[in-house]
Amino acid sequence: MSRRRDETGWTRAERDVAEVMIWLRSNHGREVSYADIAVGVGIKDGARLRRAVKVARVVAANRGDRLEKFLPSQSPAQRSGRRRVFVTRYMRRGLGDEFGARDAMSAARTAMTAMKDMHRATTFEAGNDRSIARTEFATMATAVDEAIAKVSGIDKVGPQVVKHENTGLLAQMIAEMEARLTETIG
């Protein structure tokens, strides 16, 4: 990709992002696919457009607006075909609705999964005799455990984001299994 600037002093990539932003802001709140954006701004649906949309998401966040993740359309008209159409919506600051809540719930679920994976991995490394940084991993595991407990304790979040697992029962079952194993060995 050329870094040449046109007569206005912009590169092609900067101009693409500006055109995408202008088009998205004029289509505020509507479900739009990559194909819709491509037709609207006149850029072929491909890597160039996807890069521009990715940068536009960052620009929107810096402005206080939100460009949602691409998710399957909730519109019956979009879902009537055999293929699921993935769409996004540009939402200006302070405006939101149930679809924005769907996007937020999806992000929250993803974050909780990542935190649980981090907790599992750091706990393992903290207990590993050959680990290069046992105490650091133990500190991270404790921090993630506290974060998960904090989020899990928020009643308004509920089971849509966090599955309240009965870890006390699980710990009891593991203790009983260990006791049986030590009895057979001893």
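Source: prediction; values computed, not measured.

Q: So what's going on with the side chain of Ser33? Which residues, and what values?
A: For Ser33, the position within the fold is in the loop between helix 1 (12-26) and helix 2 (34-41). For Ser33, the residues in contact, after removing those within four places along its chain, are Phe70, Val85, Phe86 and Val87.

Q: Give a detailed account of helix 1, specifying residues and quantitative values.
A: An α-helical segment advances 3.6 residues per turn. Residues three or four places apart therefore align on the same side. Here helix 1 is 15 residues long and its end C-alpha atoms lie 21 Å apart, about the 21 Å a rise of 1.5 Å per residue gives. All buried positions along helix 1 are accounted for by Asp16, Val17, Ala18, Val20, Met21, Trp23 and Leu24.

Q: Which residues make up the pattern of salt bridges, and what values go with them?
A: Once the charged atoms of two side chains with opposite charge are near each other, the side chains can pair. Applying the stated criterion across every chain, the model contains 5 salt bridges. A salt bridge links Asp45 to Arg50, with the shortest nitrogen-to-oxygen separation between them at 3.4 Å.

Q: I'd love a proper account of the packing of helix 2 against helix 3 (residues 47-63), names of residues and values included.
A: Relative to each other, helix 2 and helix 3 sit at 95°, their axes nearing to 11 Å. On the basis of the axis angle, helix 2 is roughly perpendicular to helix 3. Counted together, Tyr34, Ile37, Ala38 and Val41 of helix 2 and Leu49, Arg50 and Val53 of helix 3 form the full contact between these two elements. Tallied by class, the residues present in the contact of helix 2 with helix 3 amount to 6 nonpolar, no polar and 1 charged.

Q: Quick rundown of the nonpolar core? Include the residues and the values.
A: A general feature of soluble globular proteins is that nonpolar side chains tend to end up buried together. Counting residues in each nonpolar core, the largest one holds 19 residues, and the members touching the most others are Val20, Leu24, Ile37, Val41, Leu49 and Val53. Secondary structure elements with two or more residues in this core: helix 1, helix 2 and helix 3. Non-local contacts of Leu24, meaning those with residues more than four positions away in its chain, are made with Val32, Ile37, Leu67 and Tyr90.

Definitions and limits used
- Residues numbered from 1 in each chain as written.
- Predicted model: local features only at pLDDT ≥ 70, side-chain atom pairs only at ≥ 80, totals over all residues.
- Heavy atoms only, no water.
- Helix = DSSP H or I, 4+ residues; strand = E, 2+ residues; numbered from the N terminus.
- Contact = heavy atoms within 4.5 Å.
- Expected span 1.5 Å × (residues − 1).
- Buried < 20%, exposed > 50% of the residue type's maximum accessible area, 1.4 Å probe, protein only.
- Salt bridge = Lys/Arg side-chain N within 4 Å of Asp/Glu carboxyl O.
- Axes fitted to C-alpha atoms, helices over the stretch in contact; angles between N-to-C directions.
- Parallel < 35°, antiparallel > 145°, perpendicular 65-115°, else oblique.
- Nonpolar A, V, L, I, M, F, W, Y, C, P; charged D, E, K, R; others polar.
- Core = buried A, V, L, I, M, F, W, Y, C linked by side-chain atoms within 4.5 Å.

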